[in-house]
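Observations on chain architecture
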Amino acid sequence: MAEENSPVTSQHSKKHAPALTHFQGHWCLSQLVPNVISFQKHFQALDDDIVLASKPKTGTTWLKSLAFSIMNRNRFTLSDSPLNSSNPHDLVPYFEMTLYKDGQIPDFADVSSPRLFSTHLPYQALAESIKQSNSRIVYIARNPLDVIVSLWHFITSKPERADWTLEECFEQFCRGEEAYGPFWDHVLRYWKESSEKPNKVLFLKYEDMKENAKPHIRKMAEFMGFPFSVEEETAGVIEEIAKFCSLSNLKDLEVNKTGTLAASPRQTKPFFRKGEVGDYVNYLSNSAVERFCKIFDEKLSGSGLTF
Ligand code: A3P
């Protein structure tokens with residue numbers, strides 16, 4: 001059994017899957033371990049910070065575009081929004097992949113408050129100051145079967161990872177041995193925190209937002225400290241933000257069709273695919289679905305959380 005703080009590299013790493021290290025109770029992308037340590041050591045949260053947290057492929061890009069638009073709606077009109085020319089990931093940086101990469105210790109002196117950050121890290125791996133301060137966390141969760149399919153498409157969009165099979169991806173999730181996983185621990189911990197401290201963690205579900213984004217955008221804005229005024233409600237500002245941040249609009253922007261991220265050589269296009277609920281039925285067999293649900297439902301049993 002691995003010690004909490006002693007990294008163990010995955011014995012199951014496949015040649016074409018990202019290498020993982022077991023670290024502080026989760027499977028961390030091996031290359032990110034030093035960044036995570038540096039983030040935990042150096043990051044000082046402010047009371048009005050907002051942190052967007054998610055497992056990869058649960059709707060992070062969408063959440064970033066919504067949070068950015070909510071927070072900055074008095075600075076930019078939607079037609080002037082930086083989201084028209086920058087990918088959401090360049091506007092809302094990750095702690096572990098961007099801000100603390102390559103031994104950097106970022107200087108936040110020029111970043112105006114309230115600051116907006118993001119992370120894929122599980123709750124236990126957040127910098128202590130995030131947990132201790134009044135900063136707030138908005139978490140998005142999604143049906144893991146759709147996440148598996150989405151992740152497989154995303155990873156295999158890189159030519160060097162093109163032969164990673166859906167089976168390998170699926171098996172990783174069944175073992176709970178995927179990046180930032182196990183999936184169930186990730187969602188359950190944020191779910192627990194949001195149940196115990198609803199003013200600290202807002203828990204959103206991708207599927208609910210797809211069904212009707214408006215009440216969730218309203219809730220996000222209130223939670224983040226940027227509530228919509230009656231005049232804004234009447235003027236349809238929430239609907240405008242929902243439309244602007246929709247998959248169809250963002251996907252069609254040149255920056256998201258042909259661009260690359262500013263912070264890494266990653267192309268922006270693969271962040272926008274189908275955005276459908278239940279797309280997994282087109283990829284996973286009934287028996288695979290049944291097998292995963294059995295594991296997942298057991299892990300979630302008694303939590304009150306369902307997908
Ligand atoms: P699919 O691969 O199922 O289409 P993340 O942003 O966490 O990487 O998640 C990516 C998933 O969210 C992809 O799902 C992508 O298509 C979908 N997505 C991206 N932008 C979206 C948006 N604005 N609205 C809804 N879904 C979005």
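In the block above lies the structure referred to throughout.
So, here is what we can say about the structure in this document. The structure presented is a predicted model; accordingly, all values stated were derived computationally and were not measured.

1. As for the overall build of the protein chain
Within the protein chain, the regular secondary structure consists of 15 helices and seven strands. The C-alpha atoms of the protein chain give 19 Å as radius of gyration, which agrees with the globular expectation for 307 residues (19 Å, within 12%). Across its three principal axes, the protein chain shows a C-alpha extent of roughly 55 × 45 × 40 Å. Among the 307 residues that make up the protein chain, the fraction classed as buried is 53%.

2. Points about the packing of helix H2 (residues 60-71) against helix H10 (residues 213-224)
When two helices pack together, their arrangement is given by the angle between the helix axes and by the axis-to-axis distance. As a packed pair, H2 and H10 sit with axes 10 Å apart at the nearest point and diverge in direction by 60°. Put simply, H2 runs oblique to H10. Relative to H10, the crossing made by H2 is right-handed. From H2, Trp 62, Leu 63, Leu 66, Ala 67, Ile 70 and Met 71 reach across to H10, where they touch Ala 213, Ile 217, Met 220, Ala 221 and Met 224. Grouping the constituent residues of the contact of H2 with H10 by class yields eleven nonpolar, no polar and no charged.

3. Brief notes about the pairing of strand S4 (residues 50-54)
For a regular strand, side-chain orientation follows a simple rule: the groups alternate between the two sheet faces. For S4, a buried count of five out of five residues is recorded, marking the element as mostly surrounded by other parts of the structure. Burial along S4 is two-sided: Ile 50, Leu 52 and Ser 54 and Val 51 and Ala 53, pointing in opposite directions, are all buried. Both S4 and strand S5 (residues 116-119) contribute to a ladder of four bridges, which runs parallel. Looking at the pairing, Val 51 lines up with Phe 117 of S5. As defined by bridge partners, S4 adjoins strand S6 (residues 136-141) across five bridges and the pair is classed as parallel.

4. Looking at unusual backbone geometry
Glycine aside, residues mostly have negative phi angles, and peptide bonds mostly take the trans form. With an omega of -5°, the peptide bond between Ser 113 and Pro 114 qualifies as cis. Secondary-structure assignment places Pro 114 in the loop between helix H4 (95-99) and S5. Along the chain, Gly 181 connects to Pro 182 via a cis peptide bond; the corresponding omega equals 5°. As for its position among the elements, Pro 182 is in the loop between helix H7 (166-175) and helix H8 (183-196). In this structure, Lys 57 takes a positive phi of about 75° despite not being glycine. As for its placement among the helices and strands, Lys 57 is situated in the loop between S4 and H2. Note on Lys 57: relative accessible area 13%, which makes it buried. Phi at Asp 102 is positive, roughly 50°, even though this residue is not glycine. By the secondary structure assignment, Asp 102 is in the loop between H4 and S5.

5. A word on the sheet that holds strand S7 (residues 201-205)
The four strands are arranged S5-S4-S6-S7 in an open sheet whose pairing can be described as parallel. Every other strand in the sheet has two partners, leaving S5 and S7 as the edge strands with one partner each. Mean inter-strand twist for the sheet, computed between neighbouring axes without regard to direction, equals 20°. Here S6 runs beside S7; their pairing, made up of five bridges, is parallel.

6. A few points about the pairing of strand S2 (residues 20-23)
Relative to strand S3 (residues 26-29), S2 runs antiparallel, the two sharing four bridges. Bridge pairing in S3 links His 22 to Trp 27. Following S2, the chain reverses through two residues before pairing antiparallel with S3; Gln 24 in that reversal takes a positive phi of roughly 50°.

7. Quick word on the site of the ligand
The environment of the ligand is formed by 18 residues, the closest being Lys 57, Thr 60, Thr 61, Ser 150 and Gly 275. With respect to the ligand, the side chain of Thr 61 contributes an N or O atom lying 2.4 Å from an oxygen atom. With respect to the ligand, the backbone of Leu 247 contributes an N or O atom lying 3.3 Å from a nitrogen atom. For the ligand, the accessible surface in isolation is 560 Å², of which the surrounding protein chains cover 98%. Only H2 and helix H13 (247-251) provide two or more residues apiece to the shell around the ligand. With three residues, H2 is the largest single contributor of residues to the shell around the ligand. Its residues placed into classes, the shell around the ligand shows seven nonpolar, seven polar and four charged.

8. Considering the packing of H8 against helix H15 (residues 286-300)
With their axes 10 Å apart at the nearest point, H8 and H15 run at an angle of 30° to one another. In terms of orientation, H8 and H15 fall into the roughly parallel class. The chirality of how H8 crosses H15 is right-handed. Facing Phe 183, Trp 184 and Leu 188 of H8, the residues of H15 in contact are Ile 295, Phe 296, Lys 299 and Leu 300. Residues belonging to the contact of H8 with H15 are distributed by class as follows: six nonpolar, no polar and one charged.

Here is what the cut-offs are and how they apply
Residues numbered from 1 in each chain as written. Predicted model: local features only at pLDDT ≥ 70, side-chain atom pairs only at ≥ 80, totals over all residues. Heavy atoms only, no water. Helix = DSSP H or I, 4+ residues; strand = E, 2+ residues; numbered from the N terminus. Rg over C-alpha atoms; globule rule 2.2 N^0.38 Å. Buried < 20%, exposed > 50% of the residue type's maximum accessible area, 1.4 Å probe, protein only. Axes fitted to C-alpha atoms, helices over the stretch in contact; angles between N-to-C directions. Parallel < 35°, antiparallel > 145°, perpendicular 65-115°, else oblique. Left-handed = near helix turned anticlockwise from the far one by under 90°. Contact = heavy atoms within 4.5 Å. Nonpolar A, V, L, I, M, F, W, Y, C, P; charged D, E, K, R; others polar. Pairing = 2+ DSSP bridges. Near = heavy atom within 4 Å. Polar contact = N/O pair within 3.5 Å; in protein donor to acceptor, adjacent residues only side chain to side chain. Areas by Shrake-Rupley, 256 points an atom, 1.4 Å probe, with all protein chains shown as cover.

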